[in-house]
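Architecture and fold: a report
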Amino acid sequence: MTGDGAPSVAVELEGLLEREVYASPERDYVVAELLARDGVRHTVAGSLAGCAIGDTVRCSAVPFDHPR
């Protein structure tokens with residue numbers, strides 16, 4: 001969701017997984033930094049099963065503003 005409560009549209013991101021910020025003990029939920037091909041850094045969250053830091057990934061994401 002956007003800051004005004006309106007739903008966001010999914011976007012496609014492709015880039016390098018640079019850094020893990022958080023991973024659940026079971027590793028079924030991960031927060032990581034992704035450096036997109038256009039040079040913009042994004043924080044991504046969700047299941048990243050089979051992915052490792054240093055991998056190039058492509059994902060579909062719904063942007064939203066997080067309070068932290």
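Residues numbered from 1 in each chain as written. Predicted model: local features only at pLDDT ≥ 70, side-chain atom pairs only at ≥ 80, totals over all residues. Heavy atoms only, no water.

1. Considerations on the pattern of salt bridges
All chains considered together, the criterion is met by six salt bridges. Salt-bridge contacts for Arg 41 lead to Glu 18; the nearest nitrogen and oxygen are separated by 2.8 Å. Of this pair, Arg 41 sits in strand β3 (residues 41–46) while Glu 18 sits in strand β1 (residues 11–23), placing them 23 residues apart in sequence. When the shortest N-O distance is used, the salt bridge between Arg 27 and Glu 20 registers 2.8 Å. The structure contains a network of salt bridges with shared partners spanning Glu 18, Arg 19, Glu 33 and Arg 41. (Salt bridge = Lys/Arg side-chain N within 4 Å of Asp/Glu carboxyl O. Helix = DSSP H or I, 4+ residues; strand = E, 2+ residues; numbered from the N terminus.)

2. Here we look at the side chain of Glu 33
As for its position among the elements, Glu 33 is in strand β2 (residues 30–36). In this structure Glu 33 comes out as buried when scored by relative accessible area, which is 18%. Non-local contacts of Glu 33, meaning those with residues more than four positions away in its chain, are made with Leu 16, Leu 17, Glu 18, Arg 19, Val 21, Arg 41 and His 42. (Buried < 20%, exposed > 50% of the residue type's maximum accessible area, 1.4 Å probe, protein only. Contact = heavy atoms within 4.5 Å.)

3. Side note on the nonpolar core
What tends to happen in soluble globular proteins is that the nonpolar side chains get buried as a cluster. Listed in full, the 10 residues of the largest apolar core are Leu 13, Leu 17, Ala 23, Val 30, Ala 32, Leu 34, Ala 36, Val 44, Val 57 and Ala 61. Mapped by element, the contributors of at least two residues to this core are β1, β2 and β4 (56–61). In terms of residue count, β2 provides more of this core than any other element does, four residues in total. (Core = buried A, V, L, I, M, F, W, Y, C linked by side-chain atoms within 4.5 Å.)

4. Looking at the sheet that holds β2
By definition, the strands of a sheet pair up through backbone hydrogen bonds, in either a parallel or an antiparallel sense. Strand order across the open sheet formed by four strands is β3-β2-β1-β4, with antiparallel pairing between neighbours. What marks the edges here is a single partner per strand, and that holds for β3 and β4. Direction aside, the axes of adjacent strands within the sheet are offset by 50 degrees on average. Direction of pairing for β1 relative to β4: antiparallel, over a ladder of six bridges. Looking at the pairing, Gly 15 lines up with Val 57 of β4. (Pairing = 2+ DSSP bridges. Axes fitted to C-alpha atoms, helices over the stretch in contact; angles between N-to-C directions.)

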